[in-house]
Amino acid sequence: MDSIWLGGAEWLAVLRIGLGLWWLESWRHKDKKGWFERGTGIAWAADVAAKHKWNAVRSGFDVVVRPRPKTMAYVVVYAELALGLGLVAGFLTPVALVAGLLLNLLYLVLMIHDWAEQGQNAMMALISLVALGAVSWQTWSLDDAMGLFQ
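Calculation rules
Residues numbered from 1 in each chain as written. Predicted model: local features only at pLDDT ≥ 70, side-chain atom pairs only at ≥ 80, totals over all residues. Heavy atoms only, no water. Patch = residues over 30% accessible without salt bridge, like charges linked within 9 Å, V, L, I, M, F, W, Y side chains within 5 Å. Areas by Shrake-Rupley, 256 points an atom, 1.4 Å probe, with all protein chains shown as cover. Salt bridge = Lys/Arg side-chain N within 4 Å of Asp/Glu carboxyl O. Helix = DSSP H or I, 4+ residues; strand = E, 2+ residues; numbered from the N terminus. Buried < 20%, exposed > 50% of the residue type's maximum accessible area, 1.4 Å probe, protein only. Axes fitted to C-alpha atoms, helices over the stretch in contact; angles between N-to-C directions. Parallel < 35°, antiparallel > 145°, perpendicular 65-115°, else oblique. Left-handed = near helix turned anticlockwise from the far one by under 90°. Contact = heavy atoms within 4.5 Å. Nonpolar A, V, L, I, M, F, W, Y, C, P; charged D, E, K, R; others polar. Phe/Tyr/Trp six-rings, centres within 6.5 Å; stacked < 30°, edge-to-face > 60°.

A cluster of nonpolar residues, Phe91, Leu92, Val95, Leu142, Met146 and Phe149, forms a patch on the protein surface that exposes about 520 Å² of accessible area. Tracing the backbone shows Leu142 in helix H8 (residues 142-146). Classification of Leu142 as partly exposed rests on a relative accessible area of 39%.

Here is the structure:
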């Protein structure tokens, strides 16, 4: 593989780290007080789910999220933080990439009508897939330093 400035493995590490920074920014800009104390994030998602054209999304939300809004707020917010930290540090990278891919696909399906969000979720999912398939944890990662996922 030919590349400029860095080798292929290093460029994949840059891509992985960039994705991690994107997750950290998603976590950073959230109004945590709103999410945790007023339930704004889950209330917004409940409104989106209630109007969704697919019954599976409406019923899935009603079964999984609606009965436990406070818990789900913490799950969403801290999942984004954990994904960001894991990808930037390259720790448990394949797990973080699969979890991030699934979370982006959930966001994509929930917000199927919100085109502004669709681009972000589609690109983050694509980066996760490429980083997973190209074994992006082989360089500049704790996984590599610890000999994990060889």
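Before going further, it helps to spend a moment on the packing of helix H5 (residues 69-89) against helix H6 (residues 93-110). At a closest axis distance of 9 Å, the pairing of H5 and H6 adopts a crossing angle of 140°. Classified by the interaxial angle, the pair formed by H5 and H6 is oblique. In the packing of H5 onto H6, the handedness of the crossing is left-handed. Across from Val76, Ala79, Glu80, Leu83, Gly86 and Leu87 in H5, the residues of H6 making contact are Thr93, Ala96, Leu97, Ala99, Gly100, Leu103 and Tyr107. Residue composition of the contact of H5 with H6, by class: nine nonpolar, three polar and one charged.

A complete count under the given rule lists five aromatic pairs for this structure. Ring centres of Trp23 and Tyr107 lie 6.5 Å apart, and the angle between their planes is 55°; this geometry places the pair in the tilted category. Of this pair, Trp23 sits in helix H1 (residues 8-28) while Tyr107 sits in helix H6, and the two are 84 residues apart along the sequence. Exposure class is identical for Trp23 and Tyr107. Each is buried. An angle of 75° between the planes, with centres 6.3 Å apart, marks the rings of Trp137 and Phe149 as edge-to-face. With Trp137 in the loop between helix H7 (115-133) and H8 and Phe149 in the segment after H8, the pair connects residues that are twelve residues apart, well separated along the chain. The exposure class assigned to Trp137 is buried, which follows from its relative accessible area of 9%.

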